[in-house]
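# Coordinate inspection notes
For reference, the chains in residue letters:
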Amino acid sequence: MLSLILAKKIFSLFIIMLMSMSLVRLKILKASDSKVMSILLLYLFFPCVIIDAFQVDFTPEIQHGLLLSTAAAVAVQALLLFAGLFWQRLLHLNAVEVCSVIYSNAGNLIIPLVIAVLGAEWVIYSSTFLAVQLVLFWTHMKSTMARETHMDWRAVFTNANMIAIFIGLVLLLTGWRLPGPVNDALHSLGLVIGPSAMIIAGMLLGNMSWEKIRSYKRVTLVAFLRLIVMPLIILVFVKYSGLAAFSPDGKTILLITLLATATPSATTCVSMASLFDNQPEYASVINVVTATLCTITMPLIVWLYQL
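A quick note: this is a predicted structure, and the numbers were derived from the prediction, not measured. (Residues numbered from 1 in each chain as written. Predicted model: local features only at pLDDT ≥ 70, side-chain atom pairs only at ≥ 80, totals over all residues. Heavy atoms only, no water.)

This part covers the packing of aromatic side chains. Counted according to the given criterion, the structure contains four aromatic pairs. Note on F86 and W87: the rings are 5.2 Å apart at their centroids and 65° apart in plane angle, and the pair reads as edge-to-face. Given the relative accessible area of 45%, F86 is considered partly exposed. The exposure class of W87 is buried, given its relative accessible area of 19%. Between the aromatic rings of W122 and Y125, the centroid separation amounts to 5.8 Å while the plane-to-plane angle is 50°, which identifies the pairing as tilted. (Phe/Tyr/Trp six-rings, centres within 6.5 Å; stacked < 30°, edge-to-face > 60°. Buried < 20%, exposed > 50% of the residue type's maximum accessible area, 1.4 Å probe, protein only.)

Take the environment of I16 next. For I16, the position within the fold is in helix α1 (residues 2-25). Separated by 91 residues in the primary sequence, I16 and G107 have C-alpha atoms spaced 18 Å apart. Residues contacting I16, with those up to four places away along its chain left out, are P195, M198 and I199. (Helix = DSSP H or I, 4+ residues; strand = E, 2+ residues; numbered from the N terminus. Contact = heavy atoms within 4.5 Å.)

What is meant by a disulfide is a covalent connection between two cysteines, made through their sulfur atoms. By the definition in use, this model includes zero disulfides. The cysteine C294 is free of any disulfide, with C269 supplying the nearest cysteine sulfur at 15 Å. (Disulfide = S-S within 2.5 Å.)

This next bit is on the layout of surface pockets. For the largest pocket, the calculated volume is near 1300 Å³. Broken down by secondary-structure element, the contributors of at least two residues to the lining of the largest pocket are α2 (34-53), α5 (106-117), α6 (123-146), α8 (160-174), α10 (193-206), α14 (267-275) and α15 (280-306). Of the residues assigned to the lining of the largest pocket, the class counts are 22 nonpolar, 17 polar and three charged. Roughly 160 Å³ of volume is contained in the second largest pocket. Around the second largest pocket, the lining is made up of 13 residues, and of these V49, D52, I115, A120 and H187 lie nearest the centre. Listed by contribution, the elements that provide at least two residues to the lining of the second largest pocket are α2 and α9 (180-190). Of the residues in the lining of the second largest pocket, the class split is eight nonpolar, three polar and two charged. (1 Å grid on protein atoms, 1.4 Å probe; cavity = no way out; pocket = protein on both sides within 12 Å on 5 of 7 lines; lining within 4 Å. Points joined across faces, edges and corners; volume = space filled by probe spheres on them. Nonpolar A, V, L, I, M, F, W, Y, C, P; charged D, E, K, R; others polar.)

Let us look at the packing of helix α3 (residues 60-91) against helix α13 (residues 250-262). When two helices pack together, their arrangement is given by the angle between the helix axes and by the axis-to-axis distance. With their axes 10 Å apart at the nearest point, α3 and α13 run at an angle of 35° to one another. Seen along the crossing, α3 lies across α13 with a hand that is right-handed. Here α3 contributes G65, L68, S69, A72, V76 and L80 to the contact with α13, which in turn contributes G250, I253, L254, T257 and T261. For the contact of α3 with α13, the class distribution of residues is six nonpolar, five polar and no charged. (Axes fitted to C-alpha atoms, helices over the stretch in contact; angles between N-to-C directions. Left-handed = near helix turned anticlockwise from the far one by under 90°.)

For the rest of this paragraph, the subject is the nonpolar core. Core analysis: the largest hydrophobic core is formed by 103 residues, its most contacted members being I110, I111 and M145. With twelve residues, the top contributor of residues to this core is α6. Ignoring sequence-local partners within four residues, the contact set of M145 consists of A95, V96, C99, C269, M272, A273, F276 and N278. (Core = buried A, V, L, I, M, F, W, Y, C linked by side-chain atoms within 4.5 Å.)

Let us now look at the packing of α1 against α15. Contact geometry for α1 and α15: axes closest at 9 Å, N-to-C directions at 170°. The orientation of α1 with respect to α15, classified from their angle, is roughly antiparallel. Contact residues: L2, S3, L6, A7, I10, F14 and M17 in α1; T292, C294, T295, M298, P299, V302, W303 and Q306 in α15. Considering only residue class, the contact of α1 with α15 consists of eleven nonpolar, four polar and no charged. (Parallel < 35°, antiparallel > 145°, perpendicular 65-115°, else oblique.)

With that out of the way, let us pick up empty space enclosed by the protein. Inspection of every chain in the model, using the stated rule, returns two cavities of 30 Å³ or more. Here the largest cavity is characterised by a volume of approximately 100 Å³. Listed by contribution, the elements that provide at least two residues to the lining of the largest cavity are α5, α10 and α15. The leading source of residues in the lining of the largest cavity is α10, at five residues.

This part takes up unusual backbone geometry. Even without being glycine, K27 reaches a positive phi, approximately 65°. One can find K27 in the loop between α1 and α2. Given the relative accessible area of 72%, K27 is considered exposed. Positive phi, normally seen in glycine, also occurs at H92, with a value near 60°. For H92, the position within the fold is in the loop between α3 and α4 (95-102).

Here it is as structure tokens:
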């Protein structure tokens, strides 16, 4: 049942993406207009939803759940990193390919999917995965894309989403609550996250020709690794590791972690590739193809988890 709900939600988001794509095809919008939407999503929508998610009572159940989600996020990201480096050596993946395989688009999709499928009260457990992923974005991914050897730790901890997680933790641990109108504003912004992310994807897709997409011969391999192989590795881990026993809601919390790893390639890969002039068009193609195919693969992964 849960996989069916997820499939319907992803398909509805996919329809929004097609609508956005059609506006670009009809020359009503330009693909470059998506930059404004991306800024709003990254610096306004996501931080507000994260802060709102932490405004709950810090009960023993929440405490155990956060500890479990944090432990699972660290373990899962380590597995993804190790597996990605293994595929890089075995299949001779370049920087764009290996980052697209390792890093999922959890930032754009996990929050709206968790809200739609499980409810807003579960978003708090997705924040720990995002926090761990953000650290790796600005360390491993950045150094890989930029061909660097040093890490920019300042960029990690000054990221808007990391700041939002810190504020949320303060609110959670102190029991402080934001005024009612502020909470209403945060909640309202949370409702537009999913559609906004798919509008951006559609605008990028609308600017690409299918001939150009097909010209990248290895995109099928990368999509297979990102959407099938990597999620299956994590599926086996979260299902048979016994971690679920550490929290009353352990099975659902680990499902959130699994969902975060089963999403398409991270849009941050596109941003990093563009920033460091490292095949940004190829990164965009991988992102669009995996975003399209995930409408089939994500419900399948959830169904296997529930067996």
